[in-house]
Amino acid sequence: MSSPPDNSSDTRGRKRRRAEMSPESPDTDAQEHDGEEGAGSASDKDGSRNGHASSEGGARRRRKQQHSDGVTRILTDWLQSNLARPYPTHEEKKELQRLTGIEFQQVGYWFTNARRRILPEMLKVENAKRRAEGKPPIVRQTDQWARPLAEM
């Protein structure tokens, strides 16, 4: 008679062993990772979701975290008032970090994404208003190293 197959490299075997190790909580793995982010992280303070989501095939993947409405409003307001130069300086990012409570790097990532996703529509709406008022349109600088419009 042969011995049962070794499931040490089998995904199902790992899940089974994990469940056997902590029978009180079926989602212990997600709880462990939540705790690793630190008790003082912004995601804990603003109540946004944290942890893992199951996907097809049993692989685990991080859930998309969204910033709170207050954080988004502060960052969007800054972007709206700086349409021509949507690149905050280091000092401006530090101030936005202080106001929002999110990490400095997250501020930078938010603006990178916002310039691609939000800014084109903001410029479209703002330039339509300016055209109606007979004002020239806002021409966006393409990157933070671009020369100011007055020098062109």
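Further up the page is the structure itself.
Residues numbered from 1 in each chain as written. Predicted model: local features only at pLDDT ≥ 70, side-chain atom pairs only at ≥ 80, totals over all residues. Heavy atoms only, no water.

1. Quick word on the overall build of the protein chain
Stage number 1. What the protein chain contains, in helices and strands, is 7 helices and 2 strands.
Stage number 2. Reading the helices (α) and strands (β) of the protein chain from amino to carboxyl end gives α-α-α-β-β-α-α-α-α.
Stage number 3. Considering only intrachain contacts with a sequence separation of at least 6, the fraction spanning at least 24 residues in the protein chain is 42%. (Helix = DSSP H or I, 4+ residues; strand = E, 2+ residues; numbered from the N terminus. Contact = heavy atoms within 4.5 Å.)

2. Structural notes on the environment of Asn82
Stage number 1. Secondary-structure assignment places Asn82 in the loop between helix 4 (69-81) and helix 5 (90-100).
Stage number 2. Measuring from C-alpha to C-alpha, the distance between Asn82 and Arg140 comes to 9.6 Å, with 58 residues separating the pair along the chain.
Stage number 3. At a separation of 3.4 Å, a polar atom in the side chain of Asn82 contacts the side chain of Ser81. (Polar contact = N/O pair within 3.5 Å; in protein donor to acceptor, adjacent residues only side chain to side chain.)

3. Points about the packing of aromatic side chains
For any pair of aromatic rings, the description rests on two quantities: the centre-to-centre distance and the angle between the ring planes.
Stage number 1. This model, assessed by the stated rule, comprises 2 aromatic pairs.
Stage number 2. Pairing Trp78 with Phe111 gives two aromatic rings, centres 5.2 Å apart and planes at 80 degrees, and the pair type is edge-to-face. Separated by 33 residues along the polypeptide, Trp78 in helix 4 and Phe111 in helix 6 (residues 104-117) bring together distant segments of the chain.
Stage number 3. Residue Phe111 is classed as buried on the basis of its relative accessible area of 1%. (Phe/Tyr/Trp six-rings, centres within 6.5 Å; stacked < 30°, edge-to-face > 60°. Buried < 20%, exposed > 50% of the residue type's maximum accessible area, 1.4 Å probe, protein only.)

4. Some words on the nonpolar core
Stage number 1. Among the nonpolar cores identified, the biggest contains 15 residues, and Leu75, Leu79, Leu83, Leu96, Trp110 and Phe111 are the most heavily contacted of them.
Stage number 2. For this core, the elements supplying multiple residues, two or more each, are helix 4, helix 6 and helix 7 (119-132).
Stage number 3. For Leu75, the residues in contact, after removing those within four places along its chain, are Leu96, Thr100, Ile102, Trp110 and Phe111. (Core = buried A, V, L, I, M, F, W, Y, C linked by side-chain atoms within 4.5 Å.)

5. Description of the pattern of salt bridges
Stage number 1. Under the counting rule described, the total for this entry stands at 3 salt bridges.
Stage number 2. Arg85 is paired through a salt bridge with Glu92; the nearest N and O atoms lie 3.2 Å apart.
Stage number 3. For Glu92, a relative accessible area of 23% puts it in the partly exposed group.
Stage number 4. Lys135 is the salt-bridge partner of Glu133, the closest N and O atoms lying 3.4 Å from each other.
Stage number 5. Assessed through its relative accessible area of 53%, Glu133 is described here as exposed. (Salt bridge = Lys/Arg side-chain N within 4 Å of Asp/Glu carboxyl O.)

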